[in-house]
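What the coordinates show
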Amino acid sequence: MRILFLDPFHGGSHAAVSQGYAQHSQHEITLLTMPINGGWRWRMRGAAVTMARMLRQLPDPRGYDLIVTTDMLDLASFLGLARGLVGDTPVALYIHENQLTYPLPQGRSRDLAFPWANYTAALAADAVFFNSAFHRQVFLEALPGLVGRFHDHQELDLIEGIAARSGVLHPGVDLARLAQGAGVARGGQPPALLWNSRWEYDKNPAAFFAALEELERRGVDFRLIVVGEHIDPNHADFLAARERFGSKALAWGFAPDTASYARLLHQADIVVSTAIQEFFGISLIEAMYCGCVPIAPQRLSYTEVVPATLHTQCLYRTDAELADRLAAAIGGLPEGLRQEARSSAAAYDWAQMAPRYDSAFAAVARRAPL
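The paragraphs below set out a description of the structure included in this document. Every chain begins its residue count from 1, and numbering advances along the sequence as written. Only residues with pLDDT of 70 or above have their local features reported here, since the model is predicted, and side-chain atom pairs are shown and tallied only from 80 upward, although totals for entire chains, interfaces and linings are computed over all residues. Think of the side-chain values as coming from all heavy atoms in the structure, minus any hydrogens and water.

Some points on the packing of helix α8 (residues 205–217) against helix α9 (residues 236–245)
Helix axes are fitted only over the stretch in contact, all axes being lines through C-alpha atoms; the angle between N-to-C directions runs from 0 to 180 degrees. Numbering of helices and strands runs from the N terminus, with a helix taken as a DSSP run of H or I at least four residues long and a strand as a DSSP run of E at least two residues long. Interhelical geometry of α8 versus α9 gives an angle of 20° and a closest axis separation of 12 Å. Comparing their axes, α9 and α8 come out roughly parallel. Between α8 and α9 the crossing geometry is left-handed. Here F209, L212, E213 and E216 of α8 come into contact with α9, specifically with A241, R244 and F245. An angle counts as roughly parallel when it lies under 35 degrees, as roughly antiparallel when it exceeds 145, as roughly perpendicular when it falls between 65 and 115, and as oblique in every other case. When the near helix sits turned anticlockwise from the far one by under a right angle, the crossing is termed left-handed; a clockwise turn instead gives a right-handed crossing. Residues are treated as being in contact if the distance between any of their heavy atoms lies within 4.5 Å.

Details of the pairing of strand β4 (residues 91–95)
Counting buried positions along β4 gives five out of five residues, so the element sits mostly inside the fold. Burial classes follow relative accessibility: with a 1.4 Å probe on protein chains only, a residue under 20% of its type's maximum area counts as buried, one over 50% as exposed, and anything between as partly exposed. Alternating positions in β4 separate into two faces, V91, L93 and I95 on one and A92 and Y94 on the other, with burial throughout. Here a strand pair is declared whenever DSSP counts at least two bridges between the two strands. Here four bridges tie strand β3 (residues 66–70) to β4, and the two strands are oriented parallel to one another. Bridging across to β4, T69 finds its partner in L93. As for the winding sense of the linkage, the β-α-β connection from β4 through helix α5 (residues 113–124) to strand β5 (residues 127–130) is right-handed. By the criterion used throughout, a crossover qualifies as right-handed when its path from the first strand across the helix to the second strand runs clockwise, the strands pointing away from the viewer.

Regarding the pattern of salt bridges
Salt bridges, as used here, are contacts in which a Lys or Arg side-chain nitrogen is within 4 Å of a carboxyl oxygen on Asp or Glu. Applying the stated criterion across every chain yields a total of 17 salt bridges. A salt bridge links R198 to E200; the nearest nitrogen and oxygen atoms lie 3.1 Å apart. When salt bridges that share partners are traced, they join E214, R217, R218 and D324 into one network.

Here is the structure:
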């Protein structure tokens with residue numbers, strides 16, 4: 001099967017999924033991409049025009065069995081601009097994040113043009129895939145509130161159609177690349193806590209460092225590895241945290257390459273999330289695969305990603321519980337916890353996920369029900 005994969009925001013998890021699938025699929029994948037340096041807002045507004053032009057420039061633009069794209073494309077506009085080439089080719093939409101339920105930073109109001117583009121993209125697609133069941137649920141639950149803002153012609157019944165042709169495809173993760181750090185010695189004392197989330201408001205780093213302060217107040221010792229991507233390494237909060245906890249850090253700052261990142265993940269004992277937004281959790285999966293025990297909120301996608309057998313020990317509901325879970329994990333990590341975390345994470349490797357993508361996309365191309 002020939003698949004055209006349009007990735008208008010080709011960076012981070014978006015690029016990891018489109019490239020990873022292209023590399024591991026049994027199908028022939030043509031990948032058309034745009035860089036992220038234009039910003040996600042401009043991609044959602046303008047990528048439809050550019051990608052329609054890119055389609056026209058392909059040697060055989062009509063020769064595809066399926067088109068796959070992401071939530072960063074205004075799909076309805078793209079299909080209108082490319083209607084002479086696309087025809088009735090089936091289209092699958094993959095939603096990494098949506099602009100209707102994504103939490104906003106303090107002081108910013110939501111521009112409804114972006115949620116509306118997500119909504120019309122879902123209407124226009126033949127199939128809609130979400131990166132977690134949690135994401136699918138919150139998006140579908142929020143749609144009536146979006147269309148219900150208008151005084152007539154709300155077309156609420158169309159939401160049922162989106163739900164009927166939607167499913168879940170967890171992201172594939174290139175876990176094999178992390179094996180190169182497996183020889184690093186683990187087991188130093190005290191245990192090492194890992195932060196490998198982005199340093200941004202939606203990942204809530206302040207809660208993480210507040211928990212570390214509480215551990216110190218209780219007399220609980222720990223080491224620290226901070227390797228999450230940071231937009232501004234000179235931000236006052238980032239510098240203050242480094243000044244406060246730098247003496248405990250085995251590493252601090254974005255890892256420069258995969259080998260360094262893998263080595264640090266294999267050195268860590270416990271991976272921590274305090275996110276207020278997470279539709280899947282690739283960084284948590286990477287750390288779990290490297291043998292870290294997860295400590296994460298009992299909300300968002302984490303109840304889906306962390307095995308149910310680990311929920312009692314690994315998920316928390318409040319900031320106080322976060323400190324309790326961390327203290328308990330630092331006090332003793334049964335080897336079975338590590339192995340269970342690693343085994344559950346390994347299921348997301350592309351070797352296992354690519355056949356699922358192939359099967360799901362083949363069904364869309366046949367116009368079979370999901």
